[in-house]
Amino acid sequence: MNTALLARATVAGSLVLAALLTAVSVLLMPDFSGGQADRLAAIAAAPGTATVSAMGFILAQLFLAVGVVGVAHLLADRTPVLAWTGATLVVLSCFGHAVYGGVNAVMLSMAQDLSAVDVHADVLARNEQGVGLPFMAAGLLGTVLGLLVLAVALWRGRLGPRWVGPALALWVVVEFVGNSFSEWAGYASGVIYAVVLVTLAVEVWRSAPERWRTAAGAASAERSAVPA
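Rules behind the numbers
- Residues numbered from 1 in each chain as written.
- Predicted model: local features only at pLDDT ≥ 70, side-chain atom pairs only at ≥ 80, totals over all residues.
- Heavy atoms only, no water.
- Helix = DSSP H or I, 4+ residues; strand = E, 2+ residues; numbered from the N terminus.
- Buried < 20%, exposed > 50% of the residue type's maximum accessible area, 1.4 Å probe, protein only.
- Contact = heavy atoms within 4.5 Å.
- Salt bridge = Lys/Arg side-chain N within 4 Å of Asp/Glu carboxyl O.
- Axes fitted to C-alpha atoms, helices over the stretch in contact; angles between N-to-C directions.
- Parallel < 35°, antiparallel > 145°, perpendicular 65-115°, else oblique.
- Nonpolar A, V, L, I, M, F, W, Y, C, P; charged D, E, K, R; others polar.
- Arc of directions from axis to C-beta.
- Core = buried A, V, L, I, M, F, W, Y, C linked by side-chain atoms within 4.5 Å.
- Phe/Tyr/Trp six-rings, centres within 6.5 Å; stacked < 30°, edge-to-face > 60°.
- Lys NZ or Arg CZ within 6 Å of the ring centre and 35° of its normal.

### Observations regarding the overall build of the protein
Of the regular secondary structure elements, the protein holds nine helices and zero strands. From first element to last, N terminus to C terminus, the protein shows the α and β order α-α-α-α-α-α-α-α-α. Seen through its principal axes, the protein has C-alpha atoms that stretch 75 × 35 × 30 Å. Counting all 228 residues of the protein, 37% fall into the buried class. Intrachain contacts of the protein at a sequence separation of at least 6 include 77% that bridge at least 24 residues.

### Structural notes on the pattern of salt bridges
One pass over the full model with this rule turns up three salt bridges. The partner of Asp77 in a salt bridge is Arg211, with the nearest N and O atoms 3.6 Å apart. Of this pair, Asp77 sits in the loop between helix 3 (47–75) and helix 4 (80–110) while Arg211 sits in the loop between helix 8 (184–206) and helix 9 (215–225), and the two are 134 residues apart along the sequence. Among the ionic pairs, Arg126 bridges to Asp122, the shortest N-O distance being 3.0 Å. Residue Arg126 and its partner Asp122 are located together in helix 5 (residues 117–129), separated by four residues, close to a single helical turn.

### What to know about the packing of helix 4 against helix 5
Relative orientation of the contacting elements helix 4 and helix 5 amounts to 175 degrees, with a least axis distance of 11 Å. Here helix 5 runs roughly antiparallel to helix 4, going by the angle between their axes. Contacts between helix 4 and helix 5 involve Tyr100, Val103, Met107 and Met110 on the former and, on the latter, His120, Val123, Leu124, Asn127 and Glu128. Here the contact of helix 4 with helix 5 is built from residues that sort into six nonpolar, two polar and one charged.

### Concerning helix 2 (residues 36–45)
All buried positions along helix 2 are accounted for by Gln36, Arg39, Leu40, Ala42 and Ile43. One side of helix 2 carries all its buried residues, which in axial view fall inside an arc of 155 degrees. Each element contacted by the buried residues of helix 2 is listed here: helix 3, helix 4 and helix 5.

### Describing the nonpolar core
In summary, soluble globular proteins display a tendency toward joint burial of nonpolar side chains. By size, the foremost hydrophobic cluster in this structure holds 39 residues, and its most contacted members are Leu15, Leu64, Leu75 and Leu154. Elements with a minimum of two residues in this core: helix 1 (3–27), helix 3, helix 4, helix 6 (133–157), helix 7 (164–176) and helix 8. Top element by residues in this core is helix 8. It accounts for eight residues. Discounting residues that sit within four places of it in the chain, Leu64 has contacts with Ala18, Val90, Cys94, Tyr193 and Leu197.

### Some words on the packing of aromatic side chains
Scanning all chains against the criterion turns up three aromatic pairs. Note on Trp171 and Phe176: the rings are 5.8 Å apart at their centroids and 85 degrees apart in plane angle, and the pair reads as edge-to-face. Between Trp171 and Tyr193, the ring centres sit 5.1 Å apart and the planes meet at 40 degrees, which makes this aromatic pair tilted. Placement of the pair is Trp171 in helix 7 and Tyr193 in helix 8, with a sequence separation of 22 residues. Of the two residues, Trp171 and Tyr193, both sit in the buried class. Clustering of aromatic rings is evident, with ring pairs tying together Trp171, Phe176 and Tyr193. The cationic tip of Arg8 hangs over the ring face of Trp205; the distance from NZ or CZ to the ring centre is 5.3 Å.

Listed below in structure tokens is the structure:
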């Protein structure tokens, strides 16, 4: 088995799946603009789409982590500090988001019993103010800082089209600032996010297989190339 080709395909596929699952999750997400009780009611009103949204969000974190680590691998010989710092922060954010995704999964069960909605809402509120707070902070700060650092790494490392790094930085601004002013910013950020991840996936797919060999694989290839 050619592990280099497998690694390259895994990273490229993970970036595409992260974009797709995130898009599905956002498009099917219930209205979470109100309080905890309102959120549970919104889930109860559309349990099927809410379930797909929650599962898509959780799975997207796994694929995003794999994809970002792969991108950092490609950048490691150009901007190693920036690349791995950004990747580490993004992986941390994926962990925090995955934990919060587990809370969303529990909310699916809570929404099936709206007779106790006040009790459920109180539990969720205490979780967000207590043990869940560090994970929520990790998800938020890791995403903002990690993607900004990665954007600089993409720009300085000249990986992919020159607009990819600035576009990733623009996504952070639109997602975390623009959404406060217009609901259309949410759609714009979704498009930018998907375009950036798919573009990086194409860049990964086009990269030379030699860049994905492990040290052991490279040594094995060198031995195979030596005439007997």
